[in-house]
Every structure is written in structure tokens, then in C-alpha cells.
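A structural walkthrough
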Amino acid sequence: MKTLFFLALILLTALALPGAEGKVFERCELARLLKRQGFSGFVGRKVADWVCLVQHESGYRTDAVHDNGSSRDYGIFQINSLYWCDDGRTPGSKNACRISCSRLLDDNIADDIRCAKMIAQEARGLTPWVAWNRFCQGDVDPYVRGCW
Ligand SMILES: *[C@@H]1O[C@H](CO)[C@@H](O)[C@H](O)[C@H]1NC(C)=O
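Overview of the structure. (Residues numbered from 1 in each chain as written. Predicted model: local features only at pLDDT ≥ 70, side-chain atom pairs only at ≥ 80, totals over all residues. Heavy atoms only, no water.)

Side note on the pattern of salt bridges
Scanning the entire structure with this criterion turns up six salt bridges. Two residues, Lys 23 and Glu 29, come together in a salt bridge whose shortest N-O distance is 2.7 Å. When its relative accessible area of 27% is taken as the criterion, Lys 23 is described as partly exposed. (Salt bridge = Lys/Arg side-chain N within 4 Å of Asp/Glu carboxyl O. Buried < 20%, exposed > 50% of the residue type's maximum accessible area, 1.4 Å probe, protein only.)

Digging into unusual backbone geometry
Positive phi, normally seen in glycine, also occurs at Tyr 60, with a value near 70 degrees. Structurally, Tyr 60 can be placed in the loop between helix H3 (47-58) and strand S1 (65-67). The phi torsion at Arg 124 lies on the positive side, around 55 degrees, for a residue other than glycine. Inspection of the secondary structure assignment puts Arg 124 in the loop between helix H4 (110-123) and helix H5 (130-135). (Helix = DSSP H or I, 4+ residues; strand = E, 2+ residues; numbered from the N terminus.)

A word on the packing of helix H2 (residues 27-36) against H3
Where H2 meets H3, the closest approach of the two axes is 10 Å, and the angle between their N-to-C directions is 135 degrees. With respect to H3, the element H2 is oriented oblique. Regarding H2 and H3, the two cross each other, and that crossing is right-handed. In this structure, H2 uses Arg 27, Leu 30, Ala 31, Leu 34 and Lys 35 to contact H3, whose residues at the interface are Val 47, Trp 50, Val 51 and Val 54. (Axes fitted to C-alpha atoms, helices over the stretch in contact; angles between N-to-C directions. Parallel < 35°, antiparallel > 145°, perpendicular 65-115°, else oblique. Left-handed = near helix turned anticlockwise from the far one by under 90°. Contact = heavy atoms within 4.5 Å.)

Points about the state of the cysteines
Under the defined criterion, the tally for this structure stands at four disulfides. Here Cys 28 engages in a disulfide with Cys 147; their sulfurs sit 2.1 Å apart. Disulfide Cys 28-Cys 147: the torsion about the S-S bond is -75 degrees, which places it as left-handed. Placement of Cys 28 in helix H2 and of Cys 147 in the segment after H5 is noted, with a sequence separation of 119 residues between them. For the pair shown, Cys 28 and Cys 147 are each scored as buried. Across a sulfur-sulfur distance of 2.1 Å, Cys 85 and Cys 101 are joined as a disulfide pair. The S-S bond linking Cys 85 to Cys 101 shows a torsion near 95 degrees; that makes this disulfide right-handed. Of this pair, Cys 85 sits in the loop between strand S3 (79-80) and H4 while Cys 101 sits in the loop between S3 and H4; the two residues are 16 residues apart in sequence, bridging distant segments of the chain. (Disulfide = S-S within 2.5 Å.)

Structure (C-alpha cells):
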């Protein structure tokens, strides 16, 4: 009886985890997903720019969180709680994407993509991302090499 209980528990845990947990994207997996989602040419940038941005912002981890003392960056695109999402503890948060920051940490990045596109559209480029400014100014094509 006890064994059965633990087997059921393990099964339930295994079923509950996907979706709730973060994941680490493969480089080309992300590149292909972004291409399907219309990132090629969006705000005049390439899919390779976004892959470079993600590599240096979050290391492809959907559950990445970075705290700078006054606000936090969430998820694969490191979306900030002062302007874009609400984490309930950033005074003056604009929450322009109308989303809870915690929802940017799971393995479904559809909402992250919607918000990242809003950010890029408003800035007319990728300059809001410090890592893109710092690391993605040269030839970014190697970031999508072998992906298509
Ligand atoms: C933390 O990040 C936010 C958003 O990028 C920025 O406005 C703020 O000045 C930063 N604070 C510190 C202490 O670096």
C-alpha cells in the first residue's frame, strides 16, 4: 500500500512538472522558434541578434532572475519589473506588458515573446538590452550557424 502511494506520488510529480518548471533552450531550438514567431526582420534585426541577446542575458534559461537592488529582470529575455512586468515588490512598476513577472519564468515563452516584442517595438530596436549593446554589435551570424 505504501509502495503504491509513493509510486502515485512520483507519477503525479512527473506529470505536474512540465510547464511549471523552467527549461534551458538549445541555441538552434530557440533560433527556429523565434523565426517561426516572426523575429526575422522585426525592428530591423535578425534572429541572430535575438539569439545573441538571449545567450548573454539569460544563458537560454527561462527561469533566470537577476536582482539589481531596486528591480529584477525575469526569464529568457530578462524582462524588467520596473517597466514591463509586475512582481509585487517593485515600487512604481509600470507593468506595461500587463503580466505577472513569475509567469515569465516557466517553459512556455509565448508570453515572454509577446512582451519582448512590445519592448523592442517601443524602442525601435534592441537597445533596451544591456547585453545586446555590449556583446552583439559585431557579426552575430555565428549565433545561428547550423540552425537552418
Ligand atoms: C536597476 O535596473 C533598473 C531597470 O533597468 C534601472 O532603472 C535602475 O536604475 C537599476 N538600479 C540600480 C541600483 O542599478
